[in-house]
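Structure assessment
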Amino acid sequence: MNKIRIILLSVCVLTLTLFMAGCSYVIEITYDNNDPYAPTFSFKEKHILFDWKPSVREISFYKIIEGKVDYANPLWSIEADGIKIDKISYGILPKGFRIVSPAKKLTPSTKYHLFVSAWGSGGYIEFQTPGDI
């Protein structure tokens, strides 16, 4: 009887550990500089066993000034009520999103910070525009 309890307890602990690990994840963001005026970003939630489109709530772009993110002045910020999306181009409003702060023009040779927030996850990437836009 004790062996059965120990085995059941072990199975429960292992299941709970795997479940909790599966609930904590980040959004992986990649940068595609195919259009320097409207760069494209792809994102996915990285889980232990699989990846999927995040249910995005907020996407915000900020300028990096002297190594610090200027959170007080978003360059473009949009929000939604958890829309599944895996790609965005700067300044182009995806279906179902609302503008919080209108898009401002990106400048050449400038560093930027993109933040993406989704239900239960988030992520960011820093990128630099080319010098000839």
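Refer to the preceding data block for the structure.
Below, the structure is looked at part by part. Computed from a prediction, not measured in an experiment: that's the story for all the values here.

Within the protein, the regular secondary structure consists of one helix and ten strands. N-terminal to C-terminal, the α/β element order of the protein is α-β-β-β-β-β-β-β-β-β-β. Out of the 133 residues belonging to the protein, those deemed buried represent 34%. At a minimum sequence separation of 6, the contacts of the protein that also span at least 24 residues come to 50%. For the protein, the exposed surface amounts to about 8400 Å²; the carbon and sulfur share of it is 60%.

For E66, which is not glycine, the phi dihedral falls at a positive 50°. What makes E66 exposed here is its relative accessible area of 80%. Of note, the phi angle at S109 is positive, near 50°, even though the residue is not glycine. A residue is classified by how much of its surface remains accessible, and S109, at 44% relative accessible area, is partly exposed.

Quick look at the pattern of salt bridges now. Two side chains bearing opposite charge may form a pair once their charged atoms approach each other closely. Under the definition given, this model contains two salt bridges. The salt bridge involving R98 is made with E79; its shortest N-O contact spans 3.6 Å. Of this pair, R98 sits in strand β8 (residues 98-101) while E79 sits in strand β6 (residues 76-84); the two residues are 19 residues apart in sequence, bridging distant segments of the chain. The partly exposed category is assigned to R98, whose relative accessible area is 35%. Across the pair R98 and D81 runs a salt bridge whose closest N-O atoms are separated by 3.4 Å. Taken as a pair, R98 in strand β8 and D81 in strand β6 lie far apart in primary sequence, 17 residues in all. Judged by relative accessible area, D81 falls into the exposed class, the value being 62%. Salt bridges linked by common partners bring E79, D81 and R98 together as one network.

Right, let's get into the environment of K95. Note that K95 resides in the loop between β7 (87-89) and β8. In sequence terms K95 and I83 are twelve residues apart; their C-alpha atoms lie 8.8 Å from each other.

Below, the discussion takes up the nonpolar core. Counting 22 residues, the largest nonpolar core has I29, F41, F43, I59, F61, L114 and V116 as its most contacted members. Elements with a contribution of two residues or more to this core: β1 (26-32), β2 (40-46), β4 (55-65), β6, β9 (111-118) and β10 (121-128). When residues of this core are assigned to their parent elements, the largest contribution, four residues, is made by β9.

Counted by the stated rule, this structure contains ten aromatic pairs. Here the aromatic residues Y31, F41, F61, W76, Y90, Y112 and F127 are joined through ring pairs into a cluster of three or more. Taking the ring centre of W119 as reference, the NZ or CZ of R57 above it sits at 4.1 Å.

Rules and cut-offs
- Residues numbered from 1 in each chain as written.
- Predicted model: local features only at pLDDT ≥ 70, side-chain atom pairs only at ≥ 80, totals over all residues.
- Heavy atoms only, no water.
- Helix = DSSP H or I, 4+ residues; strand = E, 2+ residues; numbered from the N terminus.
- Buried < 20%, exposed > 50% of the residue type's maximum accessible area, 1.4 Å probe, protein only.
- Contact = heavy atoms within 4.5 Å.
- Areas by Shrake-Rupley, 256 points an atom, 1.4 Å probe, with all protein chains shown as cover.
- Salt bridge = Lys/Arg side-chain N within 4 Å of Asp/Glu carboxyl O.
- Core = buried A, V, L, I, M, F, W, Y, C linked by side-chain atoms within 4.5 Å.
- Phe/Tyr/Trp six-rings, centres within 6.5 Å; stacked < 30°, edge-to-face > 60°.
- Lys NZ or Arg CZ within 6 Å of the ring centre and 35° of its normal.

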